[in-house]
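So the chains spell out like this:
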Amino acid sequence: MKFLITGGAGFIGSALIRYLIKDKSHEVINIDKLTYSGNLDSLRDVEKSELYSFRKIDICDSEAIRGVFLECTPDLVINLAAESSVDRSIDDPSKFIETNVVGTYSMLEQVRHYWDEIDGEKREKFRFLHVSTDEVFGSLGMQDEPFNESSSYNPSSPYSASKAGSDHLVRAWGKTYGLPVLITNSSNNYGPYQFPEKLIPLIIINAIRGKKVPVYGDGTQVRDWIHVNDHANALVAVAEKGRVGETYMIGGNNEERNIDIVRAICEILEDIQFPKPKGLKYYSDLIDFVEDRKAHDFRYGLEVNKIKNEVGWKPSISFSIGLKETVNWYLSNEWWWERLIKSD
Ligand code: NAD
């Protein structure tokens, strides 16, 4: 099968492409604008494969996207391209509206024209899978039931509002034009090749460099964590087996408080034979509680029964093992992240 992936040079997109090519032998066309978080180094494992090709294109550029559809005739599209940082969305929301809302609209229109022109089995099997987040549902209290496919949208940040907007567009294009769309809402991802500003890589990299390890507020916020390889696996399962027009929650069944993750990383580092920064007794001495993020959601949690029952997918990587492997990956792959933190 021929997959068109948008945002494939990002954290999740690159994991998905590595999985599609190395494990499933599918053909992949990767479309990415290469913003600050897009990094072709994450695709070194597959860049020489004859199954892989890359186009540096903005998803808002309708003409260029149209050209790719005509030339490559994909069987499936998975849309991951997005501005993805809550903090950056608070500082400057404009790019988030542009890429996440207008860009998704633009993709939907090009997909609609393309789908109108194909026929037979190719049309029958075509899917547009839009990758979204649990953040569109807002915040849970400690006693609330986790989010599921019927949860109401209640976004708090410009990022989550722009992702909510894109989800609504996708659903409307499915209902109005009959486009074979699917939506997934995933919880927080972790794993190798994640941009160093995100919580887990930031903690690891700051700690080994002897820099302060910032924790928002009192650190008691709760997120459900899923390994990025589990997410990649789930996306392919939904694309292949999900029911058209449906939404699926993708979660790790693994709710953790931020502060507990930070402490767990410090403990993992204590156990590893890695030269400690000079004068530092314990990595946990670097923990620095900083002013909380504006409108910071307290808790996200997801129920994953629908994807389990309908698609046959469930998370398989345990958080304690995945976290240890992730710490080790950052310690062994400075070549990948060093350039990205040069500006600190
Ligand atoms: P990321 O920031 O690492 O990657 C985003 C990619 O999109 C980058 O390669 C970037 O260059 C590209 N991009 C940005 N604007 C573009 C544009 N206009 N045209 C083409 N390419 C563009 O993000 P990620 O963490 O890999 O997230 C991927 C998707 O998954 C996003 O849609 C995000 O909302 C969603 N998601 C992420 C998480 C998470 O924990 N990281 C959780 C749930 C959902």
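The structure this text deals with has already been given above.
Conventions we followed
Residues numbered from 1 in each chain as written. Predicted model: local features only at pLDDT ≥ 70, side-chain atom pairs only at ≥ 80, totals over all residues. Heavy atoms only, no water. Axes fitted to C-alpha atoms, helices over the stretch in contact; angles between N-to-C directions. Helix = DSSP H or I, 4+ residues; strand = E, 2+ residues; numbered from the N terminus. Parallel < 35°, antiparallel > 145°, perpendicular 65-115°, else oblique. Left-handed = near helix turned anticlockwise from the far one by under 90°. Contact = heavy atoms within 4.5 Å. Nonpolar A, V, L, I, M, F, W, Y, C, P; charged D, E, K, R; others polar. Buried < 20%, exposed > 50% of the residue type's maximum accessible area, 1.4 Å probe, protein only. 1 Å grid on protein atoms, 1.4 Å probe; cavity = no way out; pocket = protein on both sides within 12 Å on 5 of 7 lines; lining within 4 Å. Points joined across faces, edges and corners; volume = space filled by probe spheres on them. Near = heavy atom within 4 Å. Polar contact = N/O pair within 3.5 Å; in protein donor to acceptor, adjacent residues only side chain to side chain. Areas by Shrake-Rupley, 256 points an atom, 1.4 Å probe, with all protein chains shown as cover. Pairing = 2+ DSSP bridges.

### Considerations on the packing of helix α7 (residues 199–208) against helix α9 (residues 258–271)
- Across the interface, α7 lies against α9 with an axial gap of 10 Å and an inter-helix angle of 40°. As judged from the angle between their axes, α7 and α9 are oblique. Classified by chirality, the crossing of α9 by α7 is right-handed. Between α7, through Leu 199, Ile 200, Ile 203, Ile 204, Ala 207 and Ile 208, and α9, the contact on the second element is made entirely by Asn 258, Ile 261, Val 262, Ile 265 and Leu 269.
- When the residues that make up the contact of α7 with α9 are grouped by side-chain class, the tally is 10 nonpolar, one polar and no charged.

### Considerations on the environment of Gly 38
- As for its position among the elements, Gly 38 is in the loop between β2 (27–32) and β3 (52–56).
- With relative accessibility at 18%, the residue Gly 38 sits in the buried group.
- For the pair formed by Gly 38 and Asn 309, sequence separation is 271 residues and the distance between their alpha carbons is 34 Å.

### Digging into empty space enclosed by the protein
- Counted according to the given criterion, the structure contains one cavity of 30 Å³ or more.
- Taken as a whole, the largest cavity holds about 50 Å³ of empty space.
- Taken together, Val 86, Glu 135, Ser 156, Ser 157, Ser 160, Arg 223, Arg 293, Ala 295, His 296, Asp 297 and Tyr 300 form the lining of the largest cavity.
- The residue makeup of the lining of the largest cavity, split by class, is three nonpolar, four polar and four charged.

### Brief notes about the site of the ligand
- The environment of the ligand is formed by 28 residues, the closest being Asp 32, Ser 37, Ser 84, Tyr 159 and Lys 163.
- One of the side-chain N or O atoms of Ser 37 is found 2.7 Å from an oxygen atom in the ligand.
- At 2.7 Å, a side-chain N or O of Lys 163 approaches an oxygen atom of the ligand.
- Contact with the protein chains removes 96% of the 820 Å² of surface that the ligand exposes when unbound.

### What about the sheet that holds strand β1 (residues 2–6)?
- One open sheet accounts for seven strands, arranged β3-β2-β1-β4-β5-β6-β10; its pairing is parallel. A single partner strand is all that each edge strand has here, and the edge strands are β3 and β10 (247–250). Pairwise comparison of adjacent strand axes, ignoring direction, gives a mean angle of 20° for this sheet.
- Bridge count between β1 and β2: five bridges; the pairing is parallel. By the bridge assignment for β2, Thr 6 is matched with Ile 31.
- Helix α6 (residues 158–177) contacts β5 (127–133), β6 (181–186) and β10 of the sheet and is inclined by roughly 155° relative to β5.

### Details of unusual backbone geometry
- Phi is positive for Ser 25, close to 55°, though the residue is something other than glycine.
- Mapped onto the elements of the fold, Ser 25 is located in the loop between α1 (11–23) and β2.
- Overall, Ser 25 belongs to the exposed group, its relative accessible area being 52%.
- With a phi angle near 50°, Ala 295 is a residue other than glycine that sits in the positive phi range.

Geometry only, nothing functional implied.
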